[in-house]
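Here is what each chain is made of, one letter per residue.
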Amino acid sequence: MTHPSTPSQPERRTFFHWLTYAVGAASAAILGVPLVGFLFGALRKKEEQWVTLGKVSDYPQGQTRMVTFDNPLRQPWDGMTAHTGVFVCYLGKKGDKDDFRVLAVNCAHLGCPVSWFPRSGLFMCPCHGGVYYENGDHASGPPPRGMFPCVWRVNKEGKLEVQAPHYPSLQDTLQKPAKV
Amino acid sequence: MKRILAWFDARLSIRESLLPMLTHPIPRGAAGPMGWWYVFGSASLTLFVVQILTGIALSLVFVPSAAEAYDSLIYMNFDQPLGWFLRALHYYAGSGMVVMVLVHMTQVFLHGAYKYPRELTWVMGVFLLLCTMSMFFTGQVLRWDPDAYWGIAVGASMSGRVPILGPYVVHLLLGGPVIGGDTLSRFYALHVFLIPGALMFFLAVHLWLVLKRGVSEPPVPGQVVDPNTYDAHYEKELQTGVPFLGEPLLRDALVSALAVIAVVVLAAVIGPKGPSGPPDPTLSGANPRPEWPFLWLFALLSLSPPAAETFIMLVFPVVLIVVLFLVPFVSRRGERAPSRRPVAVLSVLVLFTTLGVLTYEGVSAPWSPKMTAWSGDPVPKYLLEKKRLPEKSPEKKHWPRILQGAAVLQVKQCRNCHALEGLGGQRGPDLTGIGGRMTRDQLIDQISNGTPGGGNMPAFGKQMTPAEMDVLVDFLTTLRESDQPPAEPPTQVAGTAAP
């Protein structure tokens, strides 16, 4: 670090060397920190949102059917990619409250969309043959658990609302808003 | 003209830097017949250049927006002049590049060219393989059709299984809480900027190493690599070497040109791949499949027992990659000729056989139910004909029940997993001869309870009425050879030994 032609370095030169390193480090930091922050921006929590799925009276009791809607967790430029489906079945009244079963279409194995077959009362997954019963319980095949139930509620106007589903995975089910 | 070139060269100093590189000597043996084995690296590079050129062309039209990607691809397929050809070429040159990279890697492995002092060249090569496969995977996502969309879903679900960090990895992969525009943009940046950048870096180091450490001489049985003596031996080889700028370069050029012609012809004849449909996740009938280089992994995971799945998903690929990296360190020295390396040759044979079988399974995917079989695959007519069974058969008195049973078999989606005469799903056994194999009670038991513990077959006990079960089993017991009696349990006559 000492200049080759002088036997010892004046303190001022050492000070300015260290100042240069400090400025360099500062510039790297103020460039780097926001960049890294941006790259990890996908990990920012999104607040929970609710989607209205129609009046309770629209759903005949005991009939499972797929309902589609535009997921509000979308970006404005998502187009048809934001179309999301859930399986809804009105279970009748539980006490004096309406009871529903709302299941995500994603198979609990690896996420492929399951198809509902009303005649046999089974959900079947095309990817690896996972099968579920009408209540979402695992019937056969590789899925490690039953289908993912969604959080729902009936609002004051008597309409079914479902919490906008994020992509479900085994450690991040739909019972709460996205973990991340 | 010569004066103009001389003017440039006086400033660029190309003659004094580049010419020695081009005319560097390579071992004489590599210029002989054995030299034809050496062309695959440059063929891979040529196809990579084709990918860059076609990729740039595509990027002038493709819109990486979730709402518009599909439209821009349809425009390229049908409206853009030669758009279909560019799309097709980008796909087939990409496939060709994967093939060339695998052939190149296998050749290097079998000729022991990764041994001292070229271990680092191999390591760079493994990075290049990973980059190539990543390009293929991210490229499929850009097609943004149902295969791509659900392929990403599967990738996200696999990442979600990483302990503790799972949800974070998922959201980083997807660019948010759902699959959408953020996901496509992310994969676009990866496919166009990040991975090509990494690839070109590794390529630069790889080529630098090939230049500096030299092209290996063809292996000779008995000539072992000894790190203490190899350098001197190679120096001697080079003294009788031939310049690269000449026959060897021409060979590389010939095979590269043939590779280009091959992929161009494939592209022109077969046409572009997909998109297989609009990226609407609510469209029914989705049957996603990964691209061909990944079918072996798809099959491996589908055929694994569920308990081993997470391990195979997350740990096995890492182990495989680490093994690839360690090859030149485990076998740094010794014989190079394949005739003296039975373990190496056997490993390659076993590996490619396994990959081939798994890829074949991945294509037919027998574990997937055939979702349209219940309505699209009728019961073979001859199975419904009363005259098929002999005169005295008891079923003939109640034939309408048999027909009703056949209807139940279809309506309850049994055909989605079970074939009749080979027509239908492959997940469960073909039921054509089931009446001769299982008794009535066994059939009722199997259908009602399925595979206990949630194995391969669901329990249909509550999925049909007792009357439906009755006629269904009636039908199934008629599914046997005409001269075969229905299956009966073995009987034990009192006083005789059990059979």
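Within any chain, residue numbers begin from 1 and follow the written order of that chain's sequence. Each chain takes a letter, starting from A, and each ligand takes a number, starting from 1, following the order in which they are written. Selection of residues for local features in this predicted model requires a pLDDT of at least 70, selection of side-chain atom pairs for listing and counting requires 80 or more, and totals for whole chains, interfaces and linings are taken over all residues.

A. Layout of helix α11 (residues 247–270) of chain B. Residues and elements named next belong to chain B. Over its 24 residues, α11 extends 34 Å from the first C-alpha to the last, a length consistent with the 34 Å expected when each residue adds 1.5 Å. Where α11 is concerned, the buried positions are P248, D252, S256, A259, V263 and A267. Once C-beta atoms have been placed from the backbone, residue pairs whose C-beta atoms lie within 7 Å are recorded as contacts. Each helix corresponds to a stretch of at least 4 residues labelled H or I by DSSP, and each strand to a stretch of at least 2 residues labelled E; elements are numbered beginning at the N terminus. The elements touched by buried residues of α11 are β1 (25–26), α3 (40–59) and α5 (83–110). To estimate how far a helix should extend, the number of its residues minus one is multiplied by 1.5 Å. With C-beta atoms placed from the backbone, a residue is labelled by how many other C-beta atoms lie within 10 Å of its own: buried for 20 or more, exposed for 12 or fewer, partly exposed between the two.

B. Geometry of unusual backbone geometry. Residues and elements named next belong to chain B. With an omega of -5°, the peptide bond running from Y116 to P117 counts as cis. Structurally, the position occupied by P117 is in the loop between α5 and α6 (119–142). The step from G274 to P275 runs through a cis peptide bond, and the omega angle for that step is 0°. Position of P275 relative to the elements: it lies in the loop between α11 and α12 (295–303). Of note in this structure, Q413 is not a glycine but carries a positive phi near 65°. Residue position: Q413 is located in the loop between α17 (399–411) and β3 (419–420). A residue is classified by how many C-beta atoms lie within 10 Å of it, and Q413, with 26 of them, is buried. At E421, a position not held by glycine, the phi torsion is positive, near 55°. With respect to the element layout, E421 can be found in the loop between β3 and β4 (423–424).

C. Structural detail: the sheet that holds strand β9 (residues 152–154) of chain A. All names here are of chain A. What makes two strands pair is DSSP finding at least two bridges between them. On the basis of which strands lie adjacent, the open sheet formed by three strands has the order β1-β10-β9 and antiparallel pairing. Sheet topology places β1 (50–55) and β9 at the edges, where each strand pairs with a single neighbour. Shown here is a sheet whose adjacent strand axes are inclined to one another by a mean of 25°, direction ignored. Relative to strand β10 (residues 159–163), β9 runs antiparallel, the two being bridged by three bridges. What sits directly across from R153, in β10, is E161. For helices, the fitted axis covers only the stretch in contact; all axes are lines through C-alpha atoms, and the angles between them, taken along N-to-C directions, range from 0 to 180 degrees.

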